[in-house]
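# Observations on the model geometry
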Amino acid sequence: MIIADKMFFPELVDVYEGTGTFDALIDYTAKKLAELGFIETTYQEALKEREKEYPTGLQTPSFAVAIPHTDPSHIKKPFIYILKLGESVTFGQMGTTDEFVNARYAFFLGFNKGEDQLQLLQNLMAMFMDQDIMRQLEEESSESEILKIVTQFFKTESEK
């Protein structure tokens with residue numbers, strides 16, 4: 001089964017119009033994921049702590065994104081939660097401790113075992129480098145269309 005079939009859910013795509021702060025975004029995300037049964041109660045704090053040590057912001061050729069994630073022990077069911085950010089949110093730049101990006105999208109990743117992680121990250125990186133796909137995501141405001149763009153990309157990648 002390909003990743004798109006088991007980690008993407010229509011209820012986990014949002015156009016987030018909350019404040020542009022990191023903490024507010026994490027709190028919003030954790031609340032929704034908890035309500036839907038995807039995470040353990042430890043997720044929210046673990047995610048914030050991991051971001052401090054291992055930032056996940058990434059400047060792509062099109063715009064900045066973030067791929068926050070934490071250890072599998074905080075995950076009940078695997079997921080990818082896609083949030084288009086109405087107001088950019090500052091994340092630490094991946095691989096640094098003192099550089100930052102203003103993310104326009106956040107892809108929250110929930111793994112409950114490591115086997116899919118490498119394929120998922122490879123597919124995400126390929127998508128981030130595809131300027132046509134990223135332009136489509138930047139222009140899109142419909143949650144169902146955002147999901148369609150991303151899942152179609154993942155399905156195409158898995159067929160290569």
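Sequence order as written defines residue numbering, which begins from 1 separately in each chain. Whole-chain, interface and lining totals are the exception, using all residues; otherwise, since this is a predicted model, local features are given only for residues with pLDDT of at least 70 and side-chain atom pairs are given and counted only at 80 or more. Side-chain figures throughout are based on the complete set of non-hydrogen atoms in the structure, without hydrogens or water.

As recorded by an unreviewed UniProt entry, the chain carries the name PTS EIIA type-2 domain-containing protein and is attributed to Enterococcus avium ATCC 14025.

## Looking at the overall build of the chain
Secondary structure summary: the chain contains six helices and five strands in total. Against the compact-globule benchmark of 15 Å for 160 residues, the chain has a radius of gyration of 14 Å, which places it among compact chains. Seen through its principal axes, the chain has C-alpha atoms that stretch 35 × 30 × 30 Å. Type-normalised accessible area, obtained with a 1.4 Å probe on protein chains alone, sets the label of each residue: buried when under 20%, exposed when over 50%, and partly exposed for intermediate values. Burial analysis of the chain (160 residues in total) assigns 47% to the buried set. Helix and strand definitions follow DSSP, with helices as H or I runs of at least four residues and strands as E runs of at least two, each counted in order from the N terminus. The globule rule is 2.2 Å times the number of residues to the power 0.38, and the radius of gyration it is compared with is taken over C-alpha atoms.

## Structural notes on the confidence of the model for the chain
Detailed reading of predicted coordinates is not advised where the pLDDT is low. Model confidence for the chain is summarised by a mean pLDDT of 91, while 95% of its residues fall at 70 or above. The weakest mean pLDDT in the chain belongs to helix α1 (residues 3–7) at 73; the strongest belongs to strand β3 (residues 64–66) at 97. Per-residue confidence from the predictor is reported as pLDDT, which spans 0 to 100.

## Comments concerning the sheet that holds strand β5 (residues 100–110)
Ordered in space as β1-β4-β5-β3-β2, the five strands form an open sheet in which the pairing is mixed. Each having just a single partner strand, β1 (8–16) and β2 (57–59) make up the two edges of the open sheet. Neighbour to neighbour, the strand axes of the sheet diverge by 25° on average, direction disregarded. DSSP-based pairing: two strands are paired if at least 2 bridges between them are found. Of the pairings in the sheet, the one linking strand β4 (residues 79–92) to β5 comprises 10 bridges and is antiparallel in character. Its bridge partner lying in β5, Val 89 is registered against Ala 103. Between N-to-C directions, angles span 0 to 180 degrees; the directions come from axes that are lines fitted to C-alpha atoms, helices contributing only their stretch in contact.

## Points about the packing of helix α4 (residues 117–129) against helix α6 (residues 143–158)
Direction vectors running N to C along α4 and α6 enclose 115°, while the axes themselves pass 10 Å from each other. Judged on the interaxial angle alone, α6 and α4 are roughly perpendicular. Seen along the crossing, α4 lies across α6 with a hand that is right-handed. Between α4 and α6, the residues in contact are Gln 119, Leu 120, Asn 123, Leu 124, Ala 126 and Met 127 and Val 150, Phe 153, Phe 154, Glu 157 and Ser 158, respectively. When residues are grouped by polarity, Ala, Val, Leu, Ile, Met, Phe, Trp, Tyr, Cys and Pro land in nonpolar, Asp, Glu, Lys and Arg in charged, and all others, Gly among them, in polar. When grouped by side-chain class, the residues that make up the contact of α4 with α6 number seven nonpolar, three polar and one charged. Each angle gets one of four labels, with under 35 degrees taken as roughly parallel, over 145 as roughly antiparallel, 65 to 115 as roughly perpendicular, and the rest as oblique. Crossing handedness is read from the near helix: turned anticlockwise from the far helix by less than a right angle, it gives a left-handed crossing, and turned clockwise, a right-handed one. Throughout, a residue-residue contact means that at least one pair of heavy atoms, one from each residue, lies within 4.5 Å.

## A word on the layout of surface pockets
Every definition here rests on a 1 Å grid over the protein atoms only: cavities are sets of points where a 1.4 Å probe fits but cannot get out, pockets are open sets enclosed by protein on both sides within 12 Å along at least five of seven lines, and lining residues have some atom within 4 Å of a point. Grid points are joined across faces, edges and corners, and a volume is the space filled by probe spheres set on the points. The computed volume of the largest pocket comes to approximately 190 Å³. Lining the largest pocket we find 15 residues, and of these Phe 22, Glu 51, Lys 52, Gly 92 and Phe 100 sit closest to its centre. Within the residue set of the lining of the largest pocket, elements represented by two or more residues are α2 (22–35), α3 (43–53) and β4. In terms of residue class, the lining of the largest pocket is built from four nonpolar, five polar and six charged.

## Describing α3
Those residues of α3 that fall on the buried side of the exposure criterion are Tyr 43, Ala 46, Leu 47, Lys 48 and Glu 51. Residues of α3 that are buried make contact with α2, β4 and β5.

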